[in-house]
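# Secondary and tertiary structure notes
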Amino acid sequence: MTLTAPLPGAPFFHYHDGALKVEDVPLSALAQAHGTPLFVYSQAAILHALAAYQRGLAGRNALICYAVKANSSLAILKLLAQAGCGFDIVSGGELARALAAGADAAKIVFSGIGKTRAEMLAALQAGVGCFNVESEAELETLSQVASASGHVAPVSIRVNPNVDAKTHPYISTGLKGNKFGIAHERALAAYQRAAALPGLRVAGIDCHIGSQITEEAPYLDALERILDLVQAIEAAGVAIGHIDFGGGLGIDYAGDTPPAADALWARLLARLDARGFGQRPLIIEPGRSLVGNAGACVTEVLYLKPGEQKNFCIVDAAMNDLPRPALYEAFHRIVPLRQPGAAATPATYDVVGPVCESGDWLGRDRALAVQPGDHLAVLSAGAYCMSMASQYNSRPRAAEVLVSGAQARVIRPRETLHDLMRGESA
Ligand SMILES: *Cc1c(COP(=O)(O)O)cnc(C)c1O
């Protein structure tokens, strides 16, 4: 990747007279006003990403259920709810967040392999649109919980199409030997069981093959396998209803070029039409591709520490704020808020945080011309960053700001020391 590669998040993140801006707001002004580390999101970038899916699915009976775990900030959930989205949730906590943000419960699908009875009951009482069931044991428990509380639970079964999403093993979910979903070969028996259980109503079928998928082929393969299954299950007498195709579309971290959502859906819809499934209600569950490139984390350079083997650029954001590099060795572009002058000579640094772990790094071998006090932006930080953030090392979680045009609004203040110890007793 060259330094001239387009910025992930462009044109919403862009340089203007040498200063990095989000929409019309210089990031340095936000760092000044709100301190660092600071997560900054572009509303226009989120709506732009959503619009690609909306275009791709225009005229179809399709529901876009944003995967809350990618970024669960209430303001972002509310923005997406108001834009017509439903939500894909994976816990009772996410259910509460989605409802607090104004979600229509009927547009919520509840995924996850380990739903507790209490979570099932809360979701039944809220009236969620569908439970995406991930094991045969879960079918039995959900039927019991529903019957005992006077509900009938709408279900789809998450099937594992056994395709390789060609992504990081930790975010590949559609292969055999992975903890998610029910094996393709077991799907028919599971549907027959679901149809027979008194507390359940079969509403659809579901799959989700992985995340940060940058190729079209795994999606097309998965679709054929799902459609084969739908035909087999319906031939056996169980009507399937909707097809939920999950999420997983990748974003640009390091010059990645995933298919555009509208182009991808044009291809997938052509296959659905060709196989006679054009009228099926569809659900999709995008997370990362709606918010990932819409966010950045602004951080201040604290110290430069030259060494024999490595130079370290120590910044005030860390693995507790941005866990993806530590967790998946993920790459994020790291760029200065102010472009260096032509005379500046960059050095090569590992950009690391203050946390007491060697795994606490944000970027390796990065060419930077920086001094202590300068600010950097870690790009593509809108998904799976703040939602994964922790207080490890007793570091209060960062603030979050949502920008729209020239307006910037704090959507979550920086945690205080009081927040750090809330509820504890000595
Ligand atoms: C995480 C997840 C998603 C969203 O995945 P992205 O890669 O962020 O689009 C969708 N569905 C399920 C079941 C998930 O676990």
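Now for a look at the structure at hand.

Okay, the overall build of the protein next. Within the protein one finds 12 helices and 21 strands. Taking 22 Å as the expected radius of gyration for a compact globule of 426 residues, we find that the protein reaches 23 Å, a close match to that expectation. Principal-axis analysis of the C-alpha atoms gives the protein an extent of 75 × 55 × 40 Å. By residue count, 53% of the 426 residues in the protein fall in the buried class. Sequence separation of 24 or more characterises 69% of the internal contacts of the protein that already satisfy a separation of 6 or more. Accessible area of the protein: about 17600 Å², with a carbon and sulfur share of 52%.

Bringing the packing of aromatic side chains into the picture now. To describe a pair of aromatic rings, one takes the distance between the centres and the angle between the planes. According to the stated counting rule, one finds five aromatic pairs in the structure shown. Their ring planes at 35 degrees and their centres at 5.9 Å tell us that Phe110 and Phe131 sit as a pair that is tilted. Here Phe110 is found in strand S7 (residues 108-110), whereas its partner Phe131 is found in strand S8 (residues 130-133), with 21 residues between them in sequence. When its relative accessible area of 1% is taken as the criterion, Phe110 is described as buried. Aromatic rings pair up to connect Tyr219, Phe245 and Trp265 into one cluster. Just above the ring of Phe110 sits the side chain of Lys115; from NZ or CZ to the centre is 5.5 Å.

Among the 14 residues in the neighbourhood of the ligand, the closest are listed as Lys69, Ser211, Glu285, Arg288 and Tyr384. Glu285 places a polar side-chain atom, nitrogen or oxygen, 2.6 Å from a nitrogen atom of the ligand. Within the side chain of Tyr384, an N or O atom sits 2.5 Å from an oxygen atom of the ligand. For the ligand, the protein covers 94% of the area, taking 390 Å² as the surface of the free molecule.

Next up on the list: unusual backbone geometry. Glycine aside, negative phi is the norm for most residues, and most peptide bonds take the trans geometry. A cis amide bond links Ala10 to the next residue, Pro11, at an omega of 5 degrees. Within the element layout of this structure, Pro11 appears in the segment before strand S1 (13-16). Note that the residue after Thr36, namely Pro37, is joined by a cis bond; omega there is -5 degrees. One can find Pro37 in the loop between helix H1 (27-34) and strand S4 (38-42). Unusually for a residue other than glycine, Asn162 sits at a positive phi of about 55 degrees. Looking at the secondary structure, you find Asn162 in the loop between strand S9 (153-160) and strand S10 (182-183). Notably, Glu329 is not glycine yet its phi reads approximately 50 degrees, a positive angle.

What follows is about helix H5 (residues 117-126). Restricting attention to buried positions, one finds in H5 the residues Glu119, Met120, Ala123 and Leu124. Looking down the long axis of H5, one finds its buried residues gathered within 135 degrees of arc, a one-sided arrangement. For H5, the exposed residues set more than 90 degrees away from the buried face come down to Ala118 and Gln125. In the core, the buried residues of H5 are packed alongside helix H4 (92-100), S7, S8, helix H6 (136-148) and S9. Just downstream of H5 lies Gly127, where phi reads positive at about 85 degrees.

Once that is clear, we can look at the pairing of strand S15 (residues 312-315). Pairing between strand S14 (residues 295-305) and S15: four bridges, direction antiparallel. Bridge pairing links Val301 to Val315 in S15. With antiparallel pairing between neighbouring strands as the criterion, S14 and S15 make up a hairpin whose turn holds six residues. Note that S15 and strand S17 (residues 347-352) share three bridges and pair parallel.

All right, on to the pattern of salt bridges then. Enumeration according to the criterion identifies 18 salt bridges in this entry. The salt bridge involving Glu234 is made with Arg280; its shortest N-O contact spans 2.7 Å. Note that Glu234 is positioned in helix H8 (residues 217-235) and Arg280 in the loop between helix H9 (261-274) and strand S13 (282-284), a separation of 46 residues in sequence.

Next up on the list: the packing of H8 against H9. Axis angle and axis distance: for two packed helices, these are the angle between their axes and the distance between the axes, and together they describe the pair. Running from amino to carboxyl end, H8 crosses H9 at an angle of 25 degrees, the nearest separation of the two axes being 11 Å. Regarding the angle of H8 to H9, the classification is roughly parallel. Considering the relative orientation of H8 and H9, their crossing is right-handed. Across from Tyr219, Leu220, Leu223, Glu224 and Leu227 in H8, the residues of H9 making contact are Leu264, Arg267, Leu268, Arg271 and Leu272. Looking at side-chain class alone, the contact of H8 with H9 contains seven nonpolar, no polar and three charged residues.

What counts and what doesn't
Residues numbered from 1 in each chain as written. Predicted model: local features only at pLDDT ≥ 70, side-chain atom pairs only at ≥ 80, totals over all residues. Heavy atoms only, no water. Helix = DSSP H or I, 4+ residues; strand = E, 2+ residues; numbered from the N terminus. Rg over C-alpha atoms; globule rule 2.2 N^0.38 Å. Buried < 20%, exposed > 50% of the residue type's maximum accessible area, 1.4 Å probe, protein only. Contact = heavy atoms within 4.5 Å. Areas by Shrake-Rupley, 256 points an atom, 1.4 Å probe, with all protein chains shown as cover. Phe/Tyr/Trp six-rings, centres within 6.5 Å; stacked < 30°, edge-to-face > 60°. Lys NZ or Arg CZ within 6 Å of the ring centre and 35° of its normal. Near = heavy atom within 4 Å. Polar contact = N/O pair within 3.5 Å; in protein donor to acceptor, adjacent residues only side chain to side chain. Arc of directions from axis to C-beta. Pairing = 2+ DSSP bridges. Salt bridge = Lys/Arg side-chain N within 4 Å of Asp/Glu carboxyl O. Axes fitted to C-alpha atoms, helices over the stretch in contact; angles between N-to-C directions. Parallel < 35°, antiparallel > 145°, perpendicular 65-115°, else oblique. Left-handed = near helix turned anticlockwise from the far one by under 90°. Nonpolar A, V, L, I, M, F, W, Y, C, P; charged D, E, K, R; others polar.

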